[in-house]
Structure formats: structure tokens, C-alpha cells
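The chain contents come next:
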Amino acid sequence: MKVLKFGGSSVANAKNIQLVSEIIQKNISEKLVVIVSALGGVTDLLIQTGAAASKGKESYKETLILLEKRHLDTAKDLLPITAQSSILSSIKQQFNELEDICEGVYRLNELSARTKDKIVSFGELLSSKIIAAFLQSKGINTQWIDSRQLIKTNSNFGFAAVDFQKSNSLIQETIQSSTNNLFVAPGFIASDMDNYTTTLGRGGSDYSAAIFAAALEVDDLEIWTDVTGMMTADPRWVPNARTIDFTSYREAMELSHFGAKVIYPPTIQPAMQKKIKIWVKNTFEPTALGTLIEEVSQQSHEIITGISSINHVTLLSLEGSGMVGIPGFSKRLFEALANEKVNVILITQSSSEHSICVAINTVDTEKAKQAVDMAFDYEVTTGKVEPLKIEHNQSIVALVGDKMKSHTGIAGRMFYALGRNGVNIRAIAQGSSERNISAVVAYSDVKKAVNVLHEAFFESSHKQLNLYIVGTGNVGGKLIAQIKQQQQYLLDNLNLQLRVTGIANSKKMLLNEEGIELSNWKETLLQAEAMNLNSFIEAIIHKNLRNSVFVDVTANANVASVYHQLLAKSIAVVACNKIAASSPYNNYYQLKSLSKEFNAPYLFETNVGAGLPVIGTLNDLIKSGDKINKIQAVLSGTLNFVFNNYNGNESFATIVKQAQDEGYTEPDPRLDLGGTDVMRKIMILAREAGEKIEMENISNIGFLPGSCFDGSVADFYQEMEKHEAHFKALYNEAANKNCKLKFVANYENGKATVGLQHIPENSDFYHLYGKDNIVLFYTQRYPEQPLVVKGAGAGADVTASGVFADIIRVAR
């Protein structure tokens, strides 16, 4: 014998009910009890109808008309005309009765709990009679039974407690004495000892099915719904959530208690007592295995079974020195809440007994506050206990799994994953069974928290990074192209899923939480909304996606000024823009401190040597215990290109223009040729080496005539042409000494200098061609022969690859 239960979505309309009948017919070879919910959405409408009538709103009549029409239409769609008369008459009778009840509520302006139960019971009564009539019309001998006559409860209307001894006897007698093989009964409803209609709580149709299953001691209870079993997390929040194939009764109870709505929590207890297997299956995918719930789960490899959450939670905290060592405080707190029928979801207490914290449903907050304030009025007045602290807009996230108790480090992984993504934990609770670890987090963080935990415990196959890229010029465009090219490779080989969820430039900004299609991002960006930096940053923070990375590929000071906001929200920053790292030391230090405090990487490798691993090498030296004695470097790919190509045959201005046209210079080449860019770079290296240094502390021996710094960029080129003799003289002076001109940066003994130098043939800098950079690190470990980093130091491709490398470092 089996019991099958079909939920509201499974019986929402005639088409779905036909699918239900096919499932029933495949199981009809044995005795079968079918429990059904109301048609999808009907219970809510009935509740609204009663509420509207009690407030004197005549709109309840319109709702009743619509509900009657829906049920009549469903019956007409299902049954042949010759079989419709009886069921249509029954539906009309039911609605006449319902209309009379609502009329009474309307006239009295009062809706008691008992009357409310009576009103909502019509949903299941109607759906079950329609389905029974439909099955009968198909030639299947079907007996409709009234659950109110079989399931007996107390008079706690809305959430009645079942008298199992009485109910079991009535169910067994009715089913076993019948010669029929198929029974259809309404779920959710029952009656008290005076035969008044009661209900078993929202979701109570599952419970009804379990009551029938336990009374009849069936082998299997099947819960048919609109999802393929219980899931590792809510699929509306976690796209990669997957079906839980097997779970235990206790795991299922924990998951259902903490918000997994697939199965109603009380359902499991009757089945567990009789060791009845519970199957959670999908009406719309009936061949799928679904989830099997039994005493011992067959699942062997997963430590965590699922992640669930409860929203709309309020945290109540009592604390004070007057609580320490005084017995009875907890009892009084829970007694006060119990007297007001406030359900406590989570409890945590400090070992010092100085404080106790409970989580409750937000709807109960006001009556809970009044009850606790009254119970502890004396202690609060005398200062022994502080006034009740209330924190709204909280959620509870729970990890559930039977195998947690045999594995160490689960809580550590949980809290590390949440902390790394900036999810603050307000309270923690774990039962002695070690089957559940719960954490209270802000409601604004709950979606991110569930995704983070799912990634940490279920998605070992890949890690997801959500990128927000600002700047779509030469470097930004190359970066996006490189990401598009490498996305599949990174997923296949590094288990890293890169999603570009935001792109912005000076004119437009584009955001897509599901990821931007990179094959046509330029066209999509053109159609996007106007760029507003503050709005863009607010959107990033509000979306609160896990593993978010802000990528700055601009040279814009305003963009650099928002890093602190992002780091403080645990959003990593990858900066090609060197303005922040070369800003006043206090700002640089603040950004580094925020990065450390909020565990959000702040990486800017390309600030110094484009794609060269200069800063990374320096950091590795220091982390491994080495000490920097001296740094010598040619840090401007632009200046190196210019002096490698200038020999007096073409004007100096022509060579500089060539460098700009090939993308080697800053937008204003004077930043390069004036030495400002090199000053920033050596300052960044000195700071990373531990030096507190500002731009004004760096000596710059320039080579440009002063007039070149006046006016526009166009004026700058004209001035260089005027001073061609000056540049030719610089070149000739070096050439006459068999030297080359290089713009060299030097850091030693806390001091930094930059300037044009004559480089002899025996120098490491002499054979530096094209746009190459070179950095020499003299350290305690490399005192005579320096550690050398050398390679292309400019160009959009290599700079983009350096930014890309920083993004991958964030992932690791």
C-alpha cells in the first residue's frame, strides 16, 4: 500500500490534474490513498476573502465569484459532459455554503480562528472532490473520503494537534473495511472532538499524508510537488543547487525547519516512527528519482547534505552583570515568550552567563518585547539587566548533515567562507547532535551567504568570480577579450568560473547579475544607461554577489577614490590605475589596512611594470624574510622606447608621437617624459618595501625644458620641435661616451631619485631594447648579484595580462 500526496502546483489546473491521474494510474495495482491540496493559490485567496469580509469590504464577493468560476471551469475541462452534472452541482453547493459563511463574517466584522479554518477548508474539499470525480469518469473505481471524519485533533484552530490514537483507529477502520483500491482525501483539514473543522497548519497536506501513511503502516509515502526532490539549496538563489538523492529523517527535519519548503516539517515525525520511506518527487518530471528520506541515508560521500535559511527573523538579546550565576533567568525568558505563544527559532548563550540571545519570527517582535519587558522590569529598572536589545532584518543560515559529527573543521570552513566574503555573523548555534550549524546574518547578506556556503561545500568543481570592470579603452578592451578567450580554459583547468557582471566607461554603465555576454559587450554597453560612478558602486554593494572583484582599468582619480568603500564591503580591488597606490601615504596605508581587515585583496601589480611580476616578486622576498637594500630600475616602457629609437635622424617629438600612437604613453605623455610616472612607480615599490615615502621626498632630475609643461598636449609637441637641438645634444653627449640614455629610478637607504643617466656598455641597463623595463633588487640574500625582473613594460596586451593575472590571484 502507498500514500501519494499532490501539492497545490500539481493540481493547479486541469492540465496538471491530468498528469496527476497518469501517475495515479501507474500505481493503481496496489491499494492507494491519494491526498490532495487545494488548487494552486486557492488557500491564499480564501484567507484574503475571509479577511476582506471581516473588514467590511465587499470585494470578497468578487473573489468568491472568481474562485467558483475557476473550480467549475476546471471540472468542465476534466470531465466529459455526461459526467459533469453531479460535480458541478456539488461545487455550487459548496460555494453557496461558503458565501453564507463569508456573509456572516461580513455582517459581524469578525473572523474567529474557528471560522477561518472553516473557510480555508473549502479549498481542499473542492479540489479532492473534482479529482475523485475525474478519476471515476476515467473508469477507475474511486472512493472520496472526508479527512475531517478520520483525523481528529484538539481545538487549537489554525494549528491543531492530532489525536493519533483516535485518528489511527478511524483511518484503519475506513480503509481496511472498503473493497475499493483507490481513495482520494482532502489534505490539510481535520476536525476536533465536537466535529468543528480544524486545520493542521500551512503545508498541512503533507502532514495529512503522513498521518494516513503511519496509520496504515504503508511501505512508501510519496510527496509530489513541482521540484525534483529536496535541493542542496534554494534553486531560486543558487543556480548550481542540485537534488539531494538520499537523506535521513533527521536531516530532512532540520532542512525543512530551516526554510526548505519542499516538505512540511511535522510530516516526517509520523513516518519516522513507523520507518516509512518518504519520496519527494516531481509531478512534471515523474521519471526522475527525486529524494528518498529514510532512517539512514544511503548517501555516502557528502559531509553536508544541504544548506537552508529562514528569513524575517528578529534577534532578541538580554545581557547584564545581574544575570551571572543567578539561576532561573533563562527559564523566565522562555516562559515569558511561551505565554505569548512566541516560537523561539534559535538560542545562544555566552558561557559567562552574561548574555542570552534568541531568534524569533519578526511578526512576533512586538508581543515578545512587551512580554520580556514585563518579566524583567525590576532587573532593568535597578540596572542589573540592560534593556532588551532588538535587531530586525536578520536571517538564519544553516548547514545540515548527519556526517558533520565525524568530521572536524566544518564550522571553521563555514565561518571562513562567510568571513572572506564580508558576511558578518551575529549569533551561532550548534546542537549537541552536531547535525546542524546555524548562524544569524543580516537579511541583506543571506543570499550571498547561501551561495558562498554552497560553493564552499558543494561546488568543488569550480569557484565563481564576479567581475566589475571600469575602463574600456585600449587596456580594458584587451582585458575583456582575454577573459572571453580564457573563460572555458579557466573553467576546465583551474575550476574557475569568471563572470563579468559589470562594465563601465566614462559614458555608459552595464550591469547584469547573471553575467554579460562578452561576444557583443560593446554593442550592449552602447545601449546601457548613462554612467554614474556612485550609482555603479552602490549597485555593486547592493547586489552583494559572492567573490566580487572591482577592476579599475582607468587613470581616473574619481574611480580610485571609491576603493575604500569597496574594500570595507569585502569586495576585492584590482587596479591598473596607479593613482591610489601613489596617493598620500595615509590613503595608501588605509587601503592596505582595509584590505587586511576585511580580507579583501587589493592588488596593483600593473602599477609598476605592466605585466611584469615586479610587485609580486618584491612581496615574495619580504614575506620570505629577505630585506631590500637597494632597488635600481628602468620603469618607463615609454621612455625606454623613446630613447632606444631616438638617434637624431628623426625629431624627438616624432618619436614621442610614435610611442603615443602605439599605446605606450599615458594620455598626457608629459607624465612619462617629465618623470612623474616613474616617480610614482619607484614610490610604490619603496612603500611595498616598507618605506613611508611621499612624492615630494623623491628627487627628479628632469630633461624636458620647462616650457614643454605649459599648455595643451598639442602645445607640448610644438615645444619639443622648438627644442630639438636640446634633445640632440643630450643624445650626442651620451653617444660620444659610448653610452645610452636611460631614465633610471633608484631607491636606497630610504631615499629615492629618478633621472636621465648615461648608461655604459657594462651596465645591466645597456642592453634594454624596445619598450622593455628592468628592475634590480639588491637584498640581504642578493647583495652583489641582484635579482632581476626584465621584460616588456608597456603595451595594452601585456598590461591587460597583468591585470588578468591579478584577477586570478584574487581567486586563489
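You'll find the structure just up there.
Residues numbered from 1 in each chain as written. Predicted model: local features only at pLDDT ≥ 70, side-chain atom pairs only at ≥ 80, totals over all residues. Heavy atoms only, no water.

**Some remarks on the overall build of the protein**
- Check the secondary structure of the protein and you find 29 helices and 30 strands.
- In summary, the protein has a C-alpha radius of gyration of 36 Å against a globular reference of 28 Å for 812 residues, an excess of more than 25%.
- Overall, the protein is about 115 × 70 × 55 Å in size when its C-alpha atoms are taken along their principal axes.
- Burial analysis of the protein (812 residues in total) assigns 53% to the buried set.
- Within the protein, counting contacts between residues at least 6 apart in sequence, those at least 24 apart form 72% of the total. (Helix = DSSP H or I, 4+ residues; strand = E, 2+ residues; numbered from the N terminus. Rg over C-alpha atoms; globule rule 2.2 N^0.38 Å. Buried < 20%, exposed > 50% of the residue type's maximum accessible area, 1.4 Å probe, protein only. Contact = heavy atoms within 4.5 Å.)

**Considering the sheet that holds strand β7 (residues 197-199)**
- Pairing within the open sheet is mixed, and its three strands lie in the order β4-β6-β7. In this open sheet, the two strands that pair with only one neighbour each are β4 (152-153) and β7.
- Where β4 lies against strand β6 (residues 189-192), two bridges are found, and the strand directions are parallel. From the neighbouring strand, Thr-153 faces β6, where its bridge partner is Asp-192.
- The strands touched by helix α5 (residues 113-137) within the sheet are β6 and β7, with β7 carrying the most contacts at an inclination of about 80°. (Pairing = 2+ DSSP bridges. Axes fitted to C-alpha atoms, helices over the stretch in contact; angles between N-to-C directions.)

**Observations concerning helix α3 (residues 59-78)**
- Across its 20 residues, α3 extends 29 Å between first and last C-alpha, which sits within 8% of the 28 Å expected from 1.5 Å per residue.
- Of all the positions in α3, only Tyr-60, Leu-64, Leu-67, His-71, Leu-72, Thr-74, Ala-75 and Leu-78 are classed as buried. Projection of α3 onto a plane perpendicular to its axis shows the buried side chains occupying an angular sector of 155°, all on one side. Within α3, the exposed residues directed more than 90 degrees away from the buried face are Glu-62, Ile-65, Leu-66, Lys-69 and Asp-77.
- Considering only its buried residues, α3 is in contact with α1 (14-26), α2 (42-54), α4 (84-108) and α5. (Expected span 1.5 Å × (residues − 1). Arc of directions from axis to C-beta.)

**Quick notes on the nonpolar core**
- Ranked by size, the top nonpolar core spans 80 residues in total, and within it Phe-550, Tyr-602, Phe-652, Ile-682, Phe-703 and Met-720 carry the most contacts.
- The greatest single-element share of this core, amounting to seven residues, is contributed by helix α26 (residues 676-688).
- Residue contacts for Phe-652: discarding those within four places in its chain leaves Val-642, Phe-643, Tyr-646, Leu-673, Phe-703, Met-720, Glu-724 and Phe-727.
- By size, the runner-up hydrophobic cluster in this structure holds 49 residues, among which are Val-34, Ala-53, Leu-79 and Ile-119. (Core = buried A, V, L, I, M, F, W, Y, C linked by side-chain atoms within 4.5 Å.)

**Structural notes on the packing of helix α24 (residues 652-661) against helix α27 (residues 713-722)**
- The N-to-C vectors of α24 and α27 enclose an angle of 145°; their axes lie 8 Å apart at closest approach. Here Phe-652, Ala-653, Thr-654, Val-656, Lys-657 and Gln-660 of α24 lie close against α27, whose contacting residues are Phe-716, Tyr-717, Met-720 and Glu-721.
- Considered class by class, the residues forming the contact of α24 with α27 number six nonpolar, two polar and two charged. (Nonpolar A, V, L, I, M, F, W, Y, C, P; charged D, E, K, R; others polar.)

**Notes on the sheet that holds strand β14 (residues 355-361)**
- If you walk across this open sheet you meet the six strands as β13-β14-β12-β15-β17-β16, and the pairing is antiparallel. The open sheet has two edge strands, β13 (344-349) and β16 (425-430), and neither has a second partner. Strand-to-strand, the axes of this sheet are offset by a mean angle of 30°, without reference to chain direction.
- Two strands pair when backbone bridges link them, and strand β12 (residues 306-319) and β14 are joined in this way by seven bridges, in the antiparallel orientation. The partner of Val-313 across the bridge, within β14, is Asn-361.
- Each of β15 (389-400), β16 and β17 (436-442) is contacted by helix α13 (residues 410-420), which is oriented at about 15° to β17, the strand it contacts most.

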